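Chain residues, written in single-letter form:
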Amino acid sequence: MHATIDNNISGLPTAGMTAVRSPRWTGALGVDWDNGTFFWNYNIRYVSHQYSTLINDEYMPAYYDMNATIGARLPSYGPLKSSTIQVNFINLTNNHYLSGIQTVTTNTTTAHGVTGTAPDYLVAPGLAVIATLKAGF
């Protein structure tokens, strides 16, 4: 993505700066397999750094995350039809990273008499393993 600010904002030198929350590169790769009874998937996603201030003096670092799912479709048993059991792995590698920019600020350093303030970030959750059992009737 190539997103820029075209004008100066509030007297700050923002013209030509990269827009906040605009990663230059993002990418994802996923693999799915399903034979009708058993299934699994795996995906990895990459997001390059993103500026969190309008004058580009602070940014959120690039990050990646990996997720996976394994599961099985169970045979019908009595009143239970189309039952599924699965386990989801979120942030599979327990990667510690900032996942988003909560609040954007104009600048973090003093510029043209404007005192800077720090932006707020969202912290990604650690590894989560979630098992579910779905039963249809």
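The coordinates are above.
What you see is a predicted model; the values in this text were computed from it and never measured. Throughout, a residue's number is its position along its own chain's written sequence, starting from 1. At least 70 in pLDDT is required for a residue's local features to be given in this predicted model, at least 80 for side-chain atom pairs to be given and counted, and no such filter applies to totals for whole chains, interfaces and linings, which use all residues. Heavy atoms throughout the structure, all of them, feed into the side-chain values; hydrogens and water do not.

1. Comments concerning the overall build of the protein chain
Piece 1. Of regular secondary structure, the protein chain possesses zero helices and nine strands.
Piece 2. The atom set for the radius of gyration is the C-alpha atoms, and the globule formula is 2.2 Å times the number of residues raised to the power 0.38. Taking 14 Å as the expected radius of gyration for a compact globule of 137 residues, we find that the protein chain reaches 22 Å, considerably beyond that expectation.
Piece 3. Seen along its three principal axes, the alpha-carbon backbone of the protein chain occupies a region of about 75 × 25 × 25 Å.
Piece 4. Put simply, of all contacts in the protein chain between residues at least 6 apart along the chain, 56% involve residues at least 24 apart. Put simply, DSSP H or I for four residues or longer makes a helix, DSSP E for two residues or longer makes a strand, and each gets a number counted from the N terminus. The contact criterion used throughout is that any non-hydrogen atoms of two residues lie within 4.5 Å.

2. Concerning the nonpolar core
A general tendency of soluble globular proteins is for nonpolar side chains to be buried together.
Piece 1. The criterion is simple. A nonpolar core is a set of buried Ala, Val, Leu, Ile, Met, Phe, Trp, Tyr and Cys residues joined through side-chain atoms within 4.5 Å. Burial status follows relative accessibility: with a 1.4 Å probe on protein chains alone, a residue under 20% of its type maximum counts as buried, one over 50% as exposed, and anything between as partly exposed. Core analysis: the largest hydrophobic core is formed by six residues, namely Val47, Met60, Tyr63, Tyr97, Ile101 and Ala124.
Piece 2. Dropping the residues within four chain positions of it, isoleucine 101 is found in contact with Arg21, Gln50, Tyr51, Ser52, Met60, Asp120 and Tyr121.

3. Brief notes about the packing of aromatic side chains
Aromatic rings considered in pairs are described by the distance between their centres and by the relative angle of their planes.
Piece 1. Paired rings are identified among Phe, Tyr and Trp, the last through its six-membered ring, by centres lying within 6.5 Å, and are further divided according to the angle between planes into stacked (under 30 degrees), edge-to-face (over 60) and tilted (the rest). Applying the stated criterion to the full structure yields two aromatic pairs.
Piece 2. Considering the side-chain rings of tyrosine 51 and tyrosine 59, the 6.2 Å spacing of their centres and the 80° angle between planes classify their relative orientation as edge-to-face.
Piece 3. Overall, tyrosine 59 belongs to the partly exposed group, its relative accessible area being 46%.
Piece 4. Consider the rings of tyrosine 63 and tyrosine 97, whose centres lie 4.6 Å apart with planes at 10°: the pair is stacked. With tyrosine 63 in strand β5 (residues 63-74) and tyrosine 97 in the loop between β6 (81-90) and β7 (98-103), the pair connects residues that are 34 residues apart, well separated along the chain. Of the two residues, tyrosine 63 and tyrosine 97, both sit in the buried class.

4. Some thoughts on the environment of leucine 92
Piece 1. With respect to the helices, strands and loops of the structure, leucine 92 is situated in the loop between β6 and β7.
Piece 2. Residues leucine 92 and histidine 49 lie 43 residues apart in sequence; the distance between their C-alpha atoms is 21 Å.
Piece 3. Dropping the residues within four chain positions of it, leucine 92 is found in contact with Tyr42, Met66, Ala68 and Leu127.

5. Quick word on the sheet that holds β5
Piece 1. By definition, two strands form a pair when at least two bridges between them are found by DSSP. Read across the sheet, five strands follow the order β1-β2-β5-β6-β9 without closing on themselves; strand pairing throughout is antiparallel. The strands lining the two open edges of the sheet, one partner per strand, are β1 (26-34) and β9 (128-136). When strand polarity is set aside, the average angle formed by the axes of neighbouring strands in this sheet is 10°.
Piece 2. Two elements, β5 and β6, share eight bridges in a ladder whose sense is antiparallel. Interaxial angle, 0 to 180 degrees, is taken between N-to-C directions of lines fitted to C-alpha atoms, where a helix line uses only the stretch in contact.

6. Re the pattern of salt bridges
Piece 1. Salt bridges, as used here, are contacts in which a Lys or Arg side-chain nitrogen is within 4 Å of a carboxyl oxygen on Asp or Glu. Applying the stated criterion to the full structure yields two salt bridges.
Piece 2. A salt bridge links aspartate 34 to arginine 73; the nearest nitrogen and oxygen atoms lie 2.8 Å apart. Pair noted here: aspartate 34 is in strand β1 and arginine 73 is in strand β5, with a separation of 39 residues, a long-range link.
Piece 3. On the basis of relative accessible area, aspartate 34 is assigned to the partly exposed category, the value being 43%.
Piece 4. Across the pair arginine 45 and aspartate 65 runs a salt bridge, and its minimum N-O distance is 3.1 Å. With a gap of 20 residues between them, arginine 45 in strand β2 (residues 38-47) and aspartate 65 in strand β5 connect regions that are remote in the sequence.

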